[in-house]
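# Observations on the three-dimensional arrangement
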Amino acid sequence: MDILFISLNDSLSKLHVIDHSGQYLNGFPLDINFMVQEGVSTADLDQDGVVDIIIPSIEEKIHIVDGSGNSRPGFPLSFSSSINTAVSIADMDFDEDLEMAIGLNDGRAVVLHHDGLVMSSLSAGGAILGGISIADIDQNSKIELIFNSSDSMLHVWEPYSDMYIDGWPIHFSDIALTEPL
C-alpha cells in the first residue's frame, strides 16, 4: 500500500506518493502548479493496470496523473465553475469503464466518462457542497448520486437515466456542508 497526499508551500502544491517503507515512488514528489481545495481520488480509469490520481483544482480544472506522475492525455479538463467536491468514481453506465462525478459551485452535478467526455449533467439549483456519494438507494440496479446543494436541498439522482428517483429532491431547513453518507 502506498500513501498519497498533497502539501502546500506558498502557492505551489506538491503531490506526494510514498511506499510502505517511507520511500518516494519514482516521479514523486511532483510539483503541481495549481492549488488543491478538495481531496484527491484514485482509480485505474483507463484499465491499464496503473492507478490514476484524480486531482480537482480551485482553478476550475480536473487533473489526472498516472502512477509515475505523468499527465494523462486530454487532461486537465476545464470547467466554467469551481469544483466543490472531491471526484467520486464508479461504473455508472454499466459499460465496465469507470465514470467520475463532480459537484460545481454553479450548481451542476457532472458525470464524466473515464476519458473526460460528459455522460450526464444536472442543474441542482444551488452550489453542490461537501461531496457526492454513490449508491443504489432504491435497489433497482441503477446507480444514484446523493448530494447536497446550497439551496437546502438533498438530491438523489440517477445519472444514467438522467432522472431523480421518486420523491427527490427533498428540502430541509439548513444548509448541509458535508457529504451525505
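Attention in this report is confined to the structure presented alongside it. In this text, all values refer to a predicted model and were calculated from it rather than measured experimentally.

### What to know about the overall build of the chain
Of regular secondary structure, the chain possesses zero helices and 16 strands. Over its C-alpha trace the chain gives a radius of gyration of 17 Å, about what one expects of a compact globule, namely 16 Å for 181 residues. In the chain, buried positions account for 45% of the 181 residues. Across the chain, contacts joining residues at least 24 apart in sequence account for 35% of those joining residues at least 6 apart.

### A short note on the nonpolar core
Counting 15 residues, the largest nonpolar core has Ile54, Ile62, Ile64, Phe79, Met100, Ile102 and Leu112 as the members making the most contacts within it. When residues of this core are traced back to their parent elements, those giving at least two are strand S6 (61–65), strand S9 (99–103) and strand S10 (108–113). If near-sequence neighbours (up to four positions away) are discounted, Ile62 is found in contact with Ile54, Ile55, Pro56, Phe75, Pro76, Leu77, Phe79, Ile83, Val87, Ile102 and Leu112. Within the second largest apolar cluster, 14 residues are counted, among which are Leu122, Ala124, Ile132 and Ile143.

### Here's the deal with the pairing of S9
For S9, the tally of buried residues reaches five of five residues, placing the bulk of the element in the interior. Alternating positions in S9 separate into two faces, Glu99, Ala101 and Gly103 on one and Met100 and Ile102 on the other, with burial throughout. Inspection of the sheet shows S9 paired to S10 by five bridges, in the antiparallel sense. Among the inter-strand pairings, Glu99 is bridged to a residue of S10, identified as His113. If you look at the hairpin formed by S9 and S10, you'll find four residues sitting between the two strands, and Gly107 has a positive phi there, around 95°.

Thresholds applied
- Residues numbered from 1 in each chain as written.
- Predicted model: local features only at pLDDT ≥ 70, side-chain atom pairs only at ≥ 80, totals over all residues.
- Heavy atoms only, no water.
- Helix = DSSP H or I, 4+ residues; strand = E, 2+ residues; numbered from the N terminus.
- Rg over C-alpha atoms; globule rule 2.2 N^0.38 Å.
- Buried < 20%, exposed > 50% of the residue type's maximum accessible area, 1.4 Å probe, protein only.
- Contact = heavy atoms within 4.5 Å.
- Core = buried A, V, L, I, M, F, W, Y, C linked by side-chain atoms within 4.5 Å.
- Pairing = 2+ DSSP bridges.

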